Amino acid sequence: MSERRPAEKNLAVHPVRLVLDLDAGIDDALALAYALGSSEVELVAVVASYGNVTQERAARNACALLDLLGRPDVPVYAGADRPLGAAESFSPAAGVVRIHGESGLGASELPAPSRPTRADGVGWLAREGCAAPPAAPLTYVPTGPLTNLALALRARPELAERLPRITFMGGALGVPGNVTPCAEANVHNDPEAADEVLVSGLPTRMVGLDVTHQVVLTREETARWRALGTRAGRFFADMTDHYIAVYERNNPGMGGCALHDPLALAAALDPTLVGCLRTNLRVCREGAVRGRTVCDPRRLRDEAKDAEVALTVDAPRFLEEFCSRVRRALA
Ligand code: BDR
Ligand code: CA
């Protein structure tokens, strides 16, 4: 390992200089609130990617959410608008629109944002990720497809040595996918990008469906947000109730909605929340298993392991952190 790579213990140094890469649907918005309610976090920027919504809509949502949460100063950069190699910009499938709503934030819509999106999020990420001093590295947490990171690594391969371990939401190792029987949505949206990142040498921590389906939010908590009496509390309660209603239809018996993206962010800030398998990962790219994350058969016996895959989670402790941090952001 290069001496230049910032050690992950730097994550304990305050503030954590966080960059969120969001496809700005409902659970991405919850991750954003979690970040803003976290006292150890300095939110440096948001990169907005296609995924749950179009790239343009993701950028609009990220700006509008930051306005709502009182942080219009945080810059939002435009990320990729399509998967690697795609000829056209990406629009979500009808099933995804049903889950996250037309706006991407449930049935409600936020007012137009106070400022424009900045251009070239990929270039910005590559530059800033490389320029950050090892004592204050960027903590980059993608909760959408890994296209922006793959493009940034293509532009500046040394980025793989300059970022500390990145924690991403995506994939499924031991459980079924949520788009196909094999594939989870973020990896499914760009399997090539995810595969490029996983073989780049950049250390990763995968927070996939194995653990995100173990952390469930109920309407009891959204009622508390509504009772805060703030505009943000009401908006987040309505938005999340929409998401919970989708889960009640599609995953009856779960008792609420999964907190995919907030768990990835929480595990980036406090890796002791999850128990991980150390391995090397790849993504299947062909046939019915396209988009499946698997242990790389060619690197099974390698001593060096680039990836940590979260397989267990301290759900009660995470939920406590989630509720107190998000309430702080909405108050
Ligand atoms: C992931 O896919 C997106 O729909 C969610 O925002 C989350 O990042 C869950 O599979
Ligand atoms: Ca997401």
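Everything discussed here concerns the structure shown above.
Residues numbered from 1 in each chain as written. Chains lettered and ligands numbered in written order. Predicted model: local features only at pLDDT ≥ 70, side-chain atom pairs only at ≥ 80, totals over all residues. Heavy atoms only, no water.

Colleague: Go over the packing of helix α10 (residues 219-227) against helix α13 (residues 315-330) with me, naming the residues and quoting the values.
Modeller: Close contact between α10 and α13 brings their axes to 10 Å; oriented N to C, the two are set at 25°. Taken together, the axes of α10 and α13 lie roughly parallel to each other. Helix-helix and strand crossings are classified by hand; for α10 and α13 the assignment is right-handed. Between α10, through E221, R224 and W225, and α13, the contact on the second element is made entirely by F322, C323, V326, R327 and L330. Of the residues in the contact of α10 with α13, the class split is five nonpolar, no polar and three charged. (Axes fitted to C-alpha atoms, helices over the stretch in contact; angles between N-to-C directions. Helix = DSSP H or I, 4+ residues; strand = E, 2+ residues; numbered from the N terminus. Parallel < 35°, antiparallel > 145°, perpendicular 65-115°, else oblique. Left-handed = near helix turned anticlockwise from the far one by under 90°. Contact = heavy atoms within 4.5 Å. Nonpolar A, V, L, I, M, F, W, Y, C, P; charged D, E, K, R; others polar.)

Colleague: Give a description of the site of ligand 1 that names residues and reports values.
Modeller: Neighbouring ligand 1 are D27, D28, N52, H100, T143, M169, N178, E184, A185, N186, H260 and D261. Between N52 and ligand 1, the recorded distance is 2.6 Å, taken from a side-chain N or O atom to an oxygen atom. Here an oxygen atom of ligand 1 sits 2.4 Å away from a polar atom, N or O, in the side chain of E184. Relative to its unbound accessible surface of 280 Å², ligand 1 loses 94% to contact with the protein. Mapping ligand 1 onto the cavity grids shows that it belongs to the largest pocket. Those elements that place two or more of their residues in the shell around ligand 1 are α1 (26-36), α7 (185-189) and α12 (260-269). Split by residue class, the shell around ligand 1 holds two nonpolar, six polar and four charged. (Near = heavy atom within 4 Å. Polar contact = N/O pair within 3.5 Å; in protein donor to acceptor, adjacent residues only side chain to side chain. Areas by Shrake-Rupley, 256 points an atom, 1.4 Å probe, with all protein chains shown as cover. 1 Å grid on protein atoms, 1.4 Å probe; cavity = no way out; pocket = protein on both sides within 12 Å on 5 of 7 lines; lining within 4 Å. Sits in = over half its atoms within 2 Å of the grid points.)

Colleague: If you had to explain helix α8 (residues 191-198) to someone new, which residues and values would you point to?
Modeller: Counted residue by residue, α8 has seven buried out of eight residues, so it is predominantly covered. All buried positions along α8 are accounted for by P191, E192, A193, A194, D195, V197 and L198. In the core, the buried residues of α8 are packed alongside α5 (147-155), β5 (166-169), α7, β6 (204-207) and β10 (281-283). (Buried < 20%, exposed > 50% of the residue type's maximum accessible area, 1.4 Å probe, protein only.)

Colleague: Got a sec to walk through the side chain of Q55? Specific residues and values, please.
Modeller: Along the chain, Q55 turns up in helix α2 (residues 55-68). Among the polar contacts listed, one links the side chain of Q55 to the backbone oxygen of A48, at a separation of 3.4 Å. Other than its neighbours up to four places away in sequence, Q55 contacts A48, S49, Y50, A78, G79, A80 and D81.

Colleague: Residues and numbers for the pattern of salt bridges, please.
Modeller: One pass over the structure, following the stated rule, counts 26 salt bridges. The partner of R82 in a salt bridge is D81, with the nearest N and O atoms 2.8 Å apart. Measuring nitrogen to oxygen at the nearest pair gives 3.0 Å for the salt bridge that ties D270 to R317. Taken together, the residues D270 in the loop between α12 and β9 (274-279) and R317 in helix α13 connect sequence positions 47 residues apart. (Salt bridge = Lys/Arg side-chain N within 4 Å of Asp/Glu carboxyl O.)

Colleague: Quick rundown of the layout of surface pockets? Include the residues and the values.
Modeller: For the largest pocket, the calculated volume is near 610 Å³. Lining the largest pocket are 28 residues; nearest its centre among them are V96, I99, N178, V179 and A185. If you list the elements that add at least two residues to the lining of the largest pocket, you get α3 (94-100), α7, α11 (231-250) and α12. Of the residues in the lining of the largest pocket, the class split is ten nonpolar, 14 polar and four charged. (Points joined across faces, edges and corners; volume = space filled by probe spheres on them.)

Colleague: Outline unusual backbone geometry, supporting the account with residue identities and numerical values.
Modeller: At A24, a residue that is not glycine, the phi angle is positive and equals roughly 30°. Relative to the assigned elements, A24 resides in the loop between β1 (16-22) and α1. By relative accessible area, which is 1% here, A24 ends up buried. The backbone of D120 sits at a positive phi, close to 60°, despite the residue not being glycine.

Colleague: Outline the sheet that holds strand β12 (residues 307-313), supporting the account with residue identities and numerical values.
Modeller: Through backbone hydrogen bonds, the strands of a sheet pair up, either in parallel or in antiparallel fashion. Reading across from one edge, β5-β6-β12-β9 is the order of the four strands in this open sheet, with mixed pairing throughout. Across the chains shown, the open sheet's two edge strands, defined by having one partner strand only, are β5 and β9. When strand polarity is set aside, the average angle formed by the axes of neighbouring strands in this sheet is 30°. Relative to β12, β6 is paired through three bridges, and the arrangement is parallel. (Pairing = 2+ DSSP bridges.)

Colleague: Describe the nonpolar core, naming the residues involved and giving the relevant values.
Modeller: Formed by 70 residues in total, the largest nonpolar core has its most connected members in L20, L43, V46, W225, F236, F318 and F322. With near-sequence residues (within four places) excluded, W225 lies in contact with L30, L217, G233, R234, F236, A237, T240, F322, V326, R327 and L330. (Core = buried A, V, L, I, M, F, W, Y, C linked by side-chain atoms within 4.5 Å.)

Colleague: I'd like a description of the packing of α1 against α2, backed by residues and values.
Modeller: Each pair of packed helices can be described by the angle between their axes along with the distance between the axes. In the contact formed by α1 and α2, the axes pass within 11 Å of each other and the chain directions differ by 40°. On the basis of their axis angle, the class for α1 and α2 is oblique. Two packed elements cross with a definite hand, and for α1 against α2 that hand is right-handed. Side by side, α1 and α2 meet where A29, L32 and L36 of the first sit next to A62, L65 and L66 of the second. Within the contact of α1 with α2, the residues separate by chemical class into six nonpolar, no polar and no charged.

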